[in-house]
Structure formats: C-alpha cells, structure tokens
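For reference, the chains in residue letters:
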Amino acid sequence: MVRITKMHGNGNDFVLVDEFKEAVIPEEDKPKFVRAVCHRNFGVGADGALFVQPSEKADARFRYFNSDGSEAEMCGNGIRCFSRYVVEEGYAPEILKVETLAGILELEVYRENGWWVRVDMGKPRFGKGEIPALKDVWGYELEFEGKKYRLYAANTGVPHVVVFVDNLDFDIIPLARKIRYMDIFPEGTNVNFAKVESTDRIVVRTYERGVEDETLSCGTGSVAVAAIAGKLGLVNRKVEIITRGGVLKIEITDKTTYMIGGASRVFDGVLRVDELYEV
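Structural notes, computed from the coordinates.

Rules used in this analysis
Residues numbered from 1 in each chain as written. Predicted model: local features only at pLDDT ≥ 70, side-chain atom pairs only at ≥ 80, totals over all residues. Heavy atoms only, no water. Pairing = 2+ DSSP bridges. Helix = DSSP H or I, 4+ residues; strand = E, 2+ residues; numbered from the N terminus. Buried < 20%, exposed > 50% of the residue type's maximum accessible area, 1.4 Å probe, protein only. Polar contact = N/O pair within 3.5 Å; in protein donor to acceptor, adjacent residues only side chain to side chain. Contact = heavy atoms within 4.5 Å. Expected span 1.5 Å × (residues − 1). Salt bridge = Lys/Arg side-chain N within 4 Å of Asp/Glu carboxyl O. Disulfide = S-S within 2.5 Å. Phe/Tyr/Trp six-rings, centres within 6.5 Å; stacked < 30°, edge-to-face > 60°.

The side chains of a regular strand alternate between the sheet's two faces. Across 5 bridges, strand β9 (residues 140-144) lies against strand β10 (residues 147-155) in antiparallel orientation. Its bridge partner lying in β10, Glu143 is registered against Lys148. Linking β9 to β10, which pair antiparallel, is a turn of 2 residues; within it Glu145 sits at a positive phi near 50°.

Alignment of strand β4 (residues 60-66) against strand β6 (residues 95-100), held across 2 bridges, turns out to be parallel. Across the sheet, Arg61 pairs through a bridge with Glu99, a residue of β6. Sheet analysis places β6 next to strand β7 (residues 103-111), joined by 6 bridges and oriented antiparallel. Each residue of the ladder has a partner; that of Lys97, found in β7, is Glu106. Linking β6 back to β7 in an antiparallel pair, the connection comprises 2 residues.

Looking at the secondary structure, you find Asn190 in strand β12 (residues 190-198). For Asn190, a relative accessible area of 3% corresponds to the buried category. At a separation of 2.8 Å, a polar atom in the side chain of Asn190 contacts the main-chain carbonyl oxygen of Pro159. Polar contacts involving the side chain of Asn190 include one to the main-chain amide nitrogen of Arg209, which spans 2.8 Å. Discounting residues that sit within four places of it in the chain, Asn190 has contacts with Val158, Pro159, His160, Val161, Tyr207, Glu208 and Arg209.

Time to look at helix α2 (residues 76-88). Across its 13 residues, α2 extends 19 Å between first and last C-alpha, which sits within 8% of the 18 Å expected from 1.5 Å per residue. Burial analysis of α2 places 12 of its 13 residues in the buried class, the great majority of the element. Along α2, the residues classified as buried are Gly76, Asn77, Gly78, Ile79, Arg80, Cys81, Phe82, Ser83, Arg84, Tyr85, Val86 and Val87. Downstream of α2 by a residue or two, Gly90 has a phi angle that is positive, lying close to 85°.

Before going further, it helps to spend a moment on the pattern of salt bridges. Within the structure shown, the criterion is met by 21 salt bridges. Glu251 is the salt-bridge partner of Arg118, the closest N and O atoms lying 4.0 Å from each other. With Arg118 in strand β8 (residues 115-120) and Glu251 in strand β16 (residues 246-252), this residue pair connects regions lying 133 residues apart in the sequence. Using a relative accessible area of 27% as the deciding quantity, one classes Arg118 as partly exposed. What makes Glu251 partly exposed here is its relative accessible area of 24%. For Lys148, the salt bridge is made with Glu141, and the minimal N-O distance between the two is 3.8 Å. Connected through salt bridges with shared partners, the residues Glu19, Glu27, Lys30, Arg63 and Glu71 form a single ionic network.

All chains considered together, the criterion is met by 0 disulfides. Cys81 forms no disulfide, and the closest cysteine sulfur to it belongs to Cys75, at a distance of 8.0 Å. Since its relative accessible area comes to 0%, Cys81 is described here as buried.

So, about the packing of aromatic side chains. For any pair of aromatic rings, the description rests on two quantities: the centre-to-centre distance and the angle between the ring planes. Counting across every chain of the model gives 11 aromatic pairs. For the ring pair Phe51 and Phe65, a centre distance of 5.5 Å and an interplane angle of 80° mean the geometry is edge-to-face. One end of the pair, Phe51, is in strand β3 (residues 48-53); the other, Phe65, is in strand β4, and 14 residues separate them in sequence. Ring centres of Phe62 and Tyr64 lie 6.5 Å apart, and the angle between their planes is 15°; this geometry places the pair in the stacked category. When its relative accessible area of 2% is taken as the criterion, Tyr64 is described as buried.

A separate point is unusual backbone geometry. A negative phi holds for most residues other than glycine; trans holds for most peptide bonds. For the peptide bond that leads from Ile131 to Pro132, omega is -10°, which places it in the cis range. Among the secondary structure elements, Pro132 is positioned in the loop between β8 and β9. At Asn10, a residue that is not glycine, the phi angle is positive and equals roughly 55°. With respect to the helices and strands, the residue Asn10 is situated in the loop between β1 (2-9) and β2 (12-18). Looking at Asn10, the relative accessible area reads 11%, which means it is buried. In the Ramachandran plot, Glu212 falls in the positive-phi region, its phi being about 60° despite a non-glycine side chain. Judged by its relative accessible area of 18%, Glu212 falls in the buried class.

Next comes the structure, spelled out in structure tokens:
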C-alpha cells in the first residue's frame, strides 16, 4: 500500500508520493512505478509523478518524472503543486526554497480564493549550448507539409521551442513530434504553439516531451513563450498566458522571471502497488 495525492496545475495533473520522512518507492523502481501509476486506463492517470523528499540545501527536494518514466529537471505546474503540498503538510514555510535538478528555486504559497503559488523561475537561457541545441535555433526555418515555420528556442528549466502562429485551430501533434525529435536537439525538446492576441495576452498549446502528447498546460512552456515573445518585442513584461487548462501570469524582470498560477489538490488515497504492477 502506498499513500498518494492527486494534484493538478491548470489541468496538468500529477500523482504525488510523499517521501519526506522515508523512501516509499525504491530508486530503481521509480521509472516503472511512474509508468504504471500514470497510465490513464490501468493506473491512476497523470501527466507525471512528483516525489517529495528532504533536502540538505533547501526546505524540500523536488523530483519530477514524466509519464514515460523519464526524470526531468523541472516542471512549472508540478513545482506549484509540490509547493502547496509541502506548505499544507507543514514541511515548509509559505515562503520557501525548493531543490530541483534545475537549481534551487524560491517560491511563495498563499491563499486567495484558492491556493496560489508565485515561482521565481530564474532567467531564461537562449544560448544553443544552454538549450541544448547543436545549432542556433533563433528564427530557425522549418518546412513541414508545404508550410514554413520559424522556430525559437529557450531553456526555462527544460528545453522549449516556440512557434508563433495566426491560428491554433489545427492538429498540433504531427508538427510538434517532428520538432520534438529533430536531430539538432540532442535531448529532445518540448514544443509550444503560440498566438499573440495583444501585448499582454498570448494563447498557447503545448506538446510535452516525456508525455509525448499535448497537455492542458505547461508552466515552463508558458514562461518560454512569454520570454521569447518579449525578446522579440511582441508583448509587455507582464503577460497572461492562456492555456487550455487555465491562465498563468508571467512577469519578466531584468534579473529573473516569475510565474503565478494555481495548485489544486484533488484527492488523497491509497494505492495497491502489487496490483498496479500486474498491468
């Protein structure tokens, strides 16, 4: 039996396992466990899994696994859910520091008609070695099914490509998968399609690496869209990102980037791991 918590940030959903006091899932079993628990027919169903662990450097350690069992450096929606949980459980104060594979992040959790989290996401990185990419991807031209697209890349904790479009009413999956597996991205990339509606509003659809499908929201992707649009002079420093799962507010300063969004705790329960592994 394993106790779990189901959470989501704007519909980007996660299964959370509390290992703050002791390990629950052996390290070598984590990828297999994540693949099984995230399966939407035979498991609980989720875009990924979060593990709450103690940290020697911060208030808590954040571990995030995509639904395919691969571990990722960061997840913007996931870090908000994680932070609400550790504050709600009394593991950390409302202003806290969290250790991630992308570095130590500072966050603030507060109540205002729900649970909200303000995350210091750090400065986006645009260099090809930082993304990483094998060549410059700033304005890289790609032809797909007779149409030309311009690609812009950034690392906001994980690699992201942003493609600006005039219309989001199309099947993004074929083009997204083409970009996600391009040889110039040695670690692959997440892919965002963005429609700029005004200088303070962008509508976004995101295909996530590791999930290998479109998700309802992506925090690091929203930051990447805002940062790249800002660098291109398309939007102001404060911008609302409209995802299919809800709104994220992004604020870009000279020193860092902030993301503000909700964190929902849907249920707490007990998982029968022995039957889960029989799938």
